[in-house]
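For reference, the chains in residue letters:
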There are 2 protein chains.
Amino acid sequence: MSMILDGKKVAAEKRELLKTRIEELTAKGVTPQLAFLSVGADQASLSYQRSQERACSKVGIITRTIDLTQDTSEDVLLDQLFNLNEDSNIHGILVTLPLPEAINEERVLGAIESSKDVDCLNPINRGRLAFGKAEFLPATPAGIVSLLEAYEISLTGKHVVILGRGKAVGWPLAQILLRKEKMGNATVTVCHSRSGDLVRYAKDADILVAAIGKANFVGPEYVGKDQVVIDAGINGIETPQGWKMVGDVDFQRVSDIVNAITPVPGGVGPMTVAMLLANVTAAAERRLL
Amino acid sequence: MSMILDGKKVAAEKRELLKTRIEELTAKGVTPQLAFLSVGADQASLSYQRSQERACSKVGIITRTIDLTQDTSEDVLLDQLFNLNEDSNIHGILVTLPLPEAINEERVLGAIESSKDVDCLNPINRGRLAFGKAEFLPATPAGIVSLLEAYEISLTGKHVVILGRGKAVGWPLAQILLRKEKMGNATVTVCHSRSGDLVRYAKDADILVAAIGKANFVGPEYVGKDQVVIDAGINGIETPQGWKMVGDVDFQRVSDIVNAITPVPGGVGPMTVAMLLANVTAAAERRLL
């Protein structure tokens, strides 16, 4: 049996530390506040948003939620965003993606005030990410790095193979892992749907990250016994027992082979939320400087 | 003997096409103009700048050169840059890097007007690069892609291994090659000084790109017979016959092994300059739209 990288446990420890920092902030008159802004979000996105709101509430972060209807114009959305940018009570802003097609996503994300961009959505911050200069690291890649750090799994000189080049995980994770920092200095390979023989690349990994959004896609043929497998997938599937959340990795068949693996749920997911809470807290702390 | 990817020839063809476009622009009253802005640049940088100025002149692009002394303050530099931003005769701006340590490089590059950022130096454009939305592609990576295209070497599904994670070549090239476009869709591995066994990664490449800045670093042990080798290195070395420019690849010992290779000089270098000229021309054409 391989080692389970317990994101739920590590995240809980991180949240405890955050609570103390948030209490100190609140005592100084600043309570961290995170705003959620969505337009025509589907049920799954809203449900995920609600779970984030609950997580905020548990550590003492106030949330404000603005869910706009599908037919909202870009101007109205931008007005709402500008209000949040200017509101000194708000420390972090999350825009739920994707936005409706009629809205220019890049323009909207580019309008997020940099100091409140707690999930690194603004293209300017994205650009800075690769140079170690983003205001905040995006939550999911930061959560993955933080989980590896908690288990003292070094990245320097390791070959990290990332399946998926998406904006939320694969792409920013590659940027972060390549930086010349303690939790960086990895050799990074990014694979995707057009890569052809994914197994060839995956098997060469020291650390394999799955972020492709396909339920149970990564089977035993992708992995080797010394590997660390990070599953960033969140997929809902129907089973005879009802709806179930599974990752991109076929945990049942892979977990016995590899050296260490994250479960879904309870792996990357809780770490993502913990990183988001940490970024909001840090944003509020910077306000006091 | 492998195929020589003749950047000098391809660049010359591209320059001929540019001349026609520039004549048409000039006939319409718009002559493309590129500004060079440097602070305390060393002799090698200035010499490179002069060669770019000559290349501009040959195709009909006007140049303006502002070489500031080493002790120039950031404010004075920014003033010069703002003047260039506002000057409607200027279509492209190149800031010579690195800037002196006392100057905040990111702030200066971030002040380059986006529509004039012909080498994609502004961090905002850098951020957009990965999403296929930069105003212009940075010249060296664009030159590499253009050279491969000229020789009908497809990238889709190919494993491109990049030695070097630098801002000028390795990093932006990785961003470009991962995009979902005709000359993209590669599987990309980025290696660097902390990667450990570089030979292991290099040998697995379909296309190997050297961008590490070490003369003749890549020897026969790095390559295989079916590989395409792209040498983005420009290194000056002293020989008994005097100063000589060589690449990061030991051309003499590697060129007989691989399938195709770029020489230095005459490979990536002229393509870089051609791409820069093309970006300035495109910037001027957009002004007419």
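Bear in mind the structure is a predicted one, so any value in this text is a computation, not a measurement.

Caption draft 1: Main features of the overall build of chain A. Along chain A, the regular secondary structure elements total 10 helices and 11 strands. Relative to the compact-globule value of 19 Å for 289 residues, chain A shows a C-alpha radius of gyration of 19 Å, a close match. For chain A, the spread of C-alpha atoms along the three principal axes comes to 50 × 40 × 40 Å. Counting across all 289 residues of chain A, residues that qualify as buried make up 48%. Intrachain contacts of chain A at a sequence separation of at least 6 include 69% that bridge at least 24 residues.

Caption draft 2: Local environment of the sheet that holds strand β2 (residues 33-39) of chain B. All names here are of chain B. Taken in spatial order, the 3 strands make up an open sheet running β3-β2-β4, and their pairing is parallel. The outermost strands of the open sheet, each flanked by one partner alone, are β3 (62-68) and β4 (92-95). Taking the axes of each pair of neighbouring strands and ignoring which way they run, one obtains an average angle of 15 degrees across the sheet. As paired strands, β2 and β4 are joined by 4 bridges and run parallel to one another. Of the residues in β4, the one forming a bridge with Leu34 is Gly92.

Caption draft 3: The arrangement of the interface of chain B and chain A in detail. If you look at the interface, chain B gives 23 residues, while chain A gives 23 residues. Of all the secondary-structure elements, those providing two or more residues to the side of chain B that touches chain A are α5 (123-129), α7 (170-178) and β6 (187-191) of chain B. Across the side of chain B that touches chain A, the residue classes break down as 9 nonpolar, 8 polar and 6 charged. Two elements, strand β6 (residues 187-191) of chain A and β6 of chain B, share 3 bridges in a ladder whose sense is antiparallel. Its bridge partner being in β6 of chain B, Thr189 of chain A is matched across the sheet by Thr189 of chain B.

Caption draft 4: A look at the confidence of the model for chain A. Residues at a pLDDT of 70 or more form 100% of chain A, whose mean pLDDT is 95. With a pTM of 0.93, the predicted complex shows an ipTM of 0.90.

Caption draft 5: The arrangement of the sheet that holds strand β2 (residues 33-39) of chain A in detail. Residues and elements named next belong to chain A. The strand order β3-β2-β4 describes an open sheet built from 3 strands, whose pairing is parallel. The open sheet has two free edges, formed respectively by β3 (62-68) and β4 (92-95), since each of these has just one partner strand. With strand direction ignored, the average angle separating the axes of adjacent strands in the sheet is 15 degrees.

Caption draft 6: The arrangement of the nonpolar core in detail. Among the nonpolar cores identified, the biggest contains 180 residues, and Ile162 and Val209 of chain A together with Ile162 and Val209 of chain B are the most heavily contacted of them. Non-local contacts of Val209 of chain B, meaning those with residues more than four positions away in its chain, are made with Ile144, Val160, Ile162, Leu163, Leu173, Ile230 and Ala232 of chain B.

Caption draft 7: Quick look at the relation of the copies chain B and chain A. The transform that puts chain B on chain A rotates by 180 degrees and translates by 0.0 Å along the axis, for an RMSD of 0.0 Å. On the angle and the small slide along the axis, the relation comes out as a two-fold axis. Residue Gly127 of chain B, judged by its C-alpha, is the member of chain B lying nearest the rotation axis, at 1.6 Å. Interface overlap between copies: 100% of the residues of chain B at the interface are likewise at the interface in chain A, consistent with a symmetric, same-surface contact.

Caption draft 8: Highlighting helix α1 (residues 7-27) of chain A. All names here are of chain A. In this model, α1 (21 residues) spans 30 Å end to end at C-alpha, consistent with the 30 Å of a helix rising 1.5 Å per residue. Within the span of α1, buried status applies to Gly7, Val10, Ala11, Lys14, Leu18, Ile22 and Leu25. Seen end-on, α1 carries its buried residues on one side only, within an arc spanning 105 degrees. Set apart from the buried face of α1 by more than 90 degrees, the exposed residues are Ala12, Glu13, Glu16, Thr20 and Ala27. Contact partners of the buried residues in α1: α2 (43-59), α6 (139-150) and α10 (268-288). Phi turns positive one or two residues past the end of α1, at Gly29, with a value near 90 degrees.

Caption draft 9: Main features of unusual backbone geometry. Backbone torsion omega between Val264 of chain A and Pro265 of chain A reads 0 degrees, so that peptide bond is classified as cis. Of note, Pro265 of chain A is situated in the loop between β11 (260-261) and α10. Here the bond from Leu97 of chain B into Pro98 of chain B is cis, since omega is -5 degrees, no more than 30 degrees from zero. Within the secondary structure, Pro98 of chain B is located in the loop between β4 and α4 (105-110). A positive phi is found at Glu152 of chain B, a non-glycine position, where the angle reads about 55 degrees. Here Glu152 of chain B shows up in the loop between α6 (139-150) and β5 (159-163).

Caption draft 10: Spatial organisation of the domain arrangement of chain A. Here chain A is described as being made up of domain 1 (30-112) and domain 2 (139-269). The straight-line distance from the C-alpha centre of domain 1 of chain A to that of domain 2 of chain A is 28 Å.

So, how was this worked out
- Residues numbered from 1 in each chain as written.
- Chains lettered and ligands numbered in written order.
- Predicted model: local features only at pLDDT ≥ 70, side-chain atom pairs only at ≥ 80, totals over all residues.
- Helix = DSSP H or I, 4+ residues; strand = E, 2+ residues; numbered from the N terminus.
- Rg over C-alpha atoms; globule rule 2.2 N^0.38 Å.
- Buried ≥ 20, exposed ≤ 12 C-beta atoms within 10 Å, placed from the backbone.
- Contact = placed C-beta atoms within 7 Å.
- Pairing = 2+ DSSP bridges.
- Axes fitted to C-alpha atoms, helices over the stretch in contact; angles between N-to-C directions.
- Nonpolar A, V, L, I, M, F, W, Y, C, P; charged D, E, K, R; others polar.
- pLDDT = per-residue confidence, 0-100.
- Core = buried A, V, L, I, M, F, W, Y, C linked by C-beta atoms within 7 Å.
- Least-squares fit on C-alpha atoms with pLDDT ≥ 70 in both.
- Expected span 1.5 Å × (residues − 1).
- Arc of directions from axis to C-beta.
- Domains from an automatic or database assignment.

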